Amino acid sequence: MLNGLDIKAGAVATASYNNIDGLCLFLCKECLAGLPKLGLPEQIQAAIGAYAKRHGDMFAIGTISELVIPQGESLLTVVIAGCGEGSECKPVAFRKAAGEAARALGKAKVTQAVAAAPILTNPKRGAYLEAIVEGLYLGAYSFDEFKSEAKKPTACVVTLCSAILEAEALVAKATVSAEAVCFTRDLVNRPGNVVNPKVMAEEARKLAATLPLEVEVLDEVQMAERKMGAILAVGQGSVNPPRLITLKYHGAEDAPYVAYVGKGITFDSGGISIKPDDGMGEMKDDMSGAGAVLGAMKAIASLGLKCNVLGILACAENMPGGKAQRPGDIVRAANGKTIEVISTDAEGRMVLADAVDYACKLGAKKVIDIATLTGAVIIALGKETSGIVANDDELVEQIKKAGKFAGENFWQLPSLPECKEAIKSDVADLLNSAGRPGGCITGGLFIGEFVGKDIPWAHLDIGGTSTATKSSGHKVKGGTGFGTLTLIKLAEAL
Ligand code: BES
Ligand code: MN
Ligand code: ZN
């Protein structure tokens, strides 16, 4: 049971539409012709046909049409989720539609449902099945840990009917992935007084206690021994000291390690370069990158994927305490480079500087960092697309492909050598901020300065995508868990 739902795989050939109070259908415009393949009771099939004749717009992605059909003494709620038309009929559309469908089933207080789709009568459509399961669970998510009287969702058992042979395994896999995204969302949605760097370390330790993961936590003393002056500088203004957390997953004999490195600022006040108070509370989500890495490591280890991954969480609280770093300070990172601190609010790149260097020192042969690094990425790409800055186009293609499977959008920004001029300092090696022009690019390039020579690297800026201002599709208002699913699908492809 996850978010009030329990999804099971069923066979469409033996599907029974008796003793249910909900029927959930996923239809694109062309799929409608395949409806008879589901073997629905005649009365229901006729009702849907009649409805569709009048509502040509019912197939728009995520549109919900609800028919309530009397069944003897009781009622059957039929939820039809639009999955687009023509080339739109892709797993991404089904994931979104399923998110909307889950909330409709919840509102209708359905307890026993059958979910079906003509497309799932094709045994080769496993990706659609996975997307539906992920979408249902993710759309049903709600965060009410801090509500004294949380409204309990109506528990609903959903039998998802298909002709896919490995349906049971795919449902199990999609469930693990959805659980991981919800785990990330919970971490992001919890406030800064609850989630601090120590708590992030405890969460990592909890995972390692039950899953095939090795955990290492560096405290501020151990970081000082390793000369990690950049992450220490960010953390020194808070009473909650920083932590550098590493989870190691060994799932393949001798494949090279890939490192996932997440920005884990558990609260970003801006430090001495303090942020305006308007919306500052949203900066509890500034550990979304670390959250995505932690969620992905949980799923990768649960699924026992055949790959080798290091998950590194660069955790600190950025506060303006009496020991805080100041604008103008010059600090030395673990790789020996010096940084002139222009803005203490450009802290993410500083914690990541030491973390990506650590990943390389641990032997990572590829590095992907993920961070709510800039507000500039929102200006450049909006709230639906994450930015990529990278030194390796092949790695970018792999990430974009994994993103497509996950229903998460990425867009690569140019990283011209000329742009690196902007982060050169007169008095140190690097500036931590080059101001507003190309802010997303210069932020990424700064991190790239700490990646080992010839190591393929990509930086994912999730500043816009880590939270949603309203629920839509499989996204629910608040932390989205963006990146978790892409990192899981990427590990599957490694
Ligand atoms: N965590 C913020 C970026 C952010 C802001 C993400 C708003 C999502 C919404 C980051 O630490 C930050 O403050 N970045 C600065 C960088 C600047 C000082 C170079 C920014 O974007 O203004
Ligand atoms: Mn900041
Ligand atoms: Zn930040």
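The structure under discussion appears in the preceding block.
Residues numbered from 1 in each chain as written. Chains lettered and ligands numbered in written order. Predicted model: local features only at pLDDT ≥ 70, side-chain atom pairs only at ≥ 80, totals over all residues. Heavy atoms only, no water.

Let's shift gears to the state of the cysteines. What the rule picks out here adds up to zero disulfides. Cys83 forms no disulfide, and the closest cysteine sulfur to it belongs to Cys89, at a distance of 6.7 Å. The class for Cys83 is buried, based on a relative accessible area of 0%. Relative accessible area serves as the criterion here: at 12%, Cys89 is assigned to the buried category. (Disulfide = S-S within 2.5 Å. Buried < 20%, exposed > 50% of the residue type's maximum accessible area, 1.4 Å probe, protein only.)

Our focus in this paragraph is the site of ligand 1. As a matter of local geometry, ligand 1 sits amid 16 residues, with Lys275, Asp286, Asp345, Glu347 and Gly375 nearest to it. At a separation of 2.9 Å, an oxygen atom of ligand 1 approaches a polar side-chain atom of Asp268. Separating an oxygen atom of ligand 1 from a side-chain N or O atom of Asp345 is a distance of 2.8 Å. Here ligand 1 has 520 Å² of accessible area as a free molecule, and 76% of this is covered by the chains. Across the shell around ligand 1, the residue classes tally to three nonpolar, six polar and seven charged. (Near = heavy atom within 4 Å. Polar contact = N/O pair within 3.5 Å; in protein donor to acceptor, adjacent residues only side chain to side chain. Areas by Shrake-Rupley, 256 points an atom, 1.4 Å probe, with all protein chains shown as cover. Nonpolar A, V, L, I, M, F, W, Y, C, P; charged D, E, K, R; others polar.)

So, on to the coordination of the zinc ion (ligand 3). Protein ligation of the zinc ion (ligand 3) involves Lys263 (NZ), Asp268 (OD), Asp286 (OD) and Glu347 (OE), the donor distances falling in the range 2.0 to 2.4 Å. Taken together, the six donor atoms coordinating the zinc ion (ligand 3) and their angles of 79 to 172° define a geometry best described as octahedral. In this structure, the zinc ion (ligand 3) lies 3.2 Å from the manganese ion (ligand 2), and both are coordinated by Asp268. A residue pair is termed long-range when its members are at least 10 positions apart, and Lys263 in strand β9 (residues 258–268) and Glu347 in the loop between β12 (338–340) and α9 (348–361) qualify at 84 residues. Comparing Lys263 with Glu347, the two get one shared label, buried. (Donors = N, O, S within 2.8 Å, 3.2 Å for Na, K, Ca; no water. Tetrahedral: all angles 85-135°; square planar, octahedral: opposite > 155°, others 65-115°. Helix = DSSP H or I, 4+ residues; strand = E, 2+ residues; numbered from the N terminus.)

This part is about the coordination of the manganese ion (ligand 2). Looking at the manganese ion (ligand 2), one finds its protein donor set to be Asp268 (OD), Asp345 (O), Asp345 (OD) and Glu347 (OE), positioned 2.0 to 2.2 Å from the metal centre. Of note is the manganese ion (ligand 2), whose six donor atoms meet at the metal with angles of 70 to 168° in an arrangement that counts as irregular. Positions of the donor residues of the manganese ion (ligand 2), expressed as sequence spacing, correspond to D-x76-D-x1-E.

With that out of the way, let us pick up the side chain of Asn308. As for its placement among the helices and strands, Asn308 is situated in strand β10 (residues 308–318). The class of Asn308 is buried, set by a relative accessible area of 2%. At 3.0 Å, the side chain of Asn308 forms a polar contact with the backbone nitrogen of Gly251. Those residues in contact with Asn308, other than ones at most four positions away along the chain, are Tyr249, His250, Gly251, Ala252, Glu253, Asp254, Ala255, Pro256, Tyr257 and Val258. (Contact = heavy atoms within 4.5 Å.)

A separate point is the packing of helix α2 (residues 91–107) against helix α3 (residues 126–139). Relative to each other, α2 and α3 sit at 35°, their axes nearing to 7 Å. Note that α2 runs across α3; the crossing there is right-handed. Contacts between α2 and α3 involve Pro91, Phe94, Arg95, Ala98, Gly99, Ala101, Ala102 and Arg103 from the first element and Ala127, Tyr128, Ala131, Ile132, Glu134, Gly135, Leu136 and Gly139 from the second. In the contact of α2 with α3, the residues fall into 10 nonpolar, three polar and three charged. (Axes fitted to C-alpha atoms, helices over the stretch in contact; angles between N-to-C directions. Left-handed = near helix turned anticlockwise from the far one by under 90°.)

Summed over the entire model, instances satisfying the criterion amount to 23 salt bridges. Where Glu100 meets Arg103, a salt bridge forms, and the shortest distance between an N and an O atom there is 3.2 Å. Of this pair, Glu100 and Arg103 both sit in helix α2, three residues apart, which is roughly one turn of that helix. Classification of Glu100 as partly exposed rests on a relative accessible area of 22%. For Arg103, a relative accessible area of 24% translates into the label partly exposed. Across the salt bridge formed by Lys489 and Glu134, the nearest N and O atoms sit 3.0 Å from each other. Taken as a pair, Lys489 in helix α14 (residues 484–493) and Glu134 in helix α3 lie far apart in primary sequence, 355 residues in all. In this structure Lys489 comes out as buried when scored by relative accessible area, which is 10%. Taking the relative accessible area as the measure of exposure, Glu134 reaches 1% and is therefore buried. (Salt bridge = Lys/Arg side-chain N within 4 Å of Asp/Glu carboxyl O.)

Take the sheet that holds strand β8 (residues 243–250) next. A sheet is described by the order of its strands in space; here eight strands give the open sequence β7-β8-β10-β9-β13-β17-β14-β15, paired in mixed fashion. Pairing within the sheet leaves two strands with one partner each, and these edge strands are β7 (214–218) and β15 (409–412). Neighbour-to-neighbour, the strand axes of the sheet open up by a mean angle of 20°, direction not taken into account. The pairing of β9 with strand β13 (residues 366–371) spans five bridges and is parallel. Each residue of the ladder has a partner; that of Ala259, found in β13, is Val367. (Pairing = 2+ DSSP bridges.)

We now examine the packing of aromatic side chains. Using the criterion set out here, one finds five aromatic pairs in the structure. Residues Phe94 and Tyr128 carry aromatic rings whose centres are separated by 5.1 Å and whose planes lie at 80° to one another, so their mutual orientation is edge-to-face. One end of the pair, Phe94, is in helix α2; the other, Tyr128, is in helix α3, with 34 residues separating them in the sequence. No difference in accessibility class separates Phe94 from Tyr128, as the two residues are buried. (Phe/Tyr/Trp six-rings, centres within 6.5 Å; stacked < 30°, edge-to-face > 60°.)

Moving on to unusual backbone geometry. Trans peptide bonds make up most of the peptide bonds, and negative phi angles are found at most residues other than glycine. You will see that Asn3, though not glycine, has its phi angle at about 55°, which is positive. For Asn3, the position within the fold is in the segment before β1 (5–11). Here Lys227, not a glycine, exhibits a phi torsion of approximately 60°, which is positive. Within the secondary structure, Lys227 is located in the loop between α6 (220–225) and α7 (229–235). Judged by relative accessible area, Lys227 falls into the exposed class, the value being 61%.

Moving on: the nonpolar core. One finds Phe26, Val78, Phe94 and Tyr260 to be the most contacted residues of the largest nonpolar core, which totals 121 residues. Counting residues per element, this core draws most heavily on helix α4 (residues 167–189), which supplies 12 residues. Those residues in contact with Phe26, other than ones at most four positions away along the chain, are Ala81, Cys83, Phe94, Ala97, Ala98, Ala101, Ala115, Ala116, Ala117, Pro118, Ile132 and Leu136. In this structure, Leu218, Met228, Val351 and Val451 belong to the second largest nonpolar core, which totals 49 residues. (Core = buried A, V, L, I, M, F, W, Y, C linked by side-chain atoms within 4.5 Å.)

Keep in mind that these numbers describe shape and distance, not what the molecule does.
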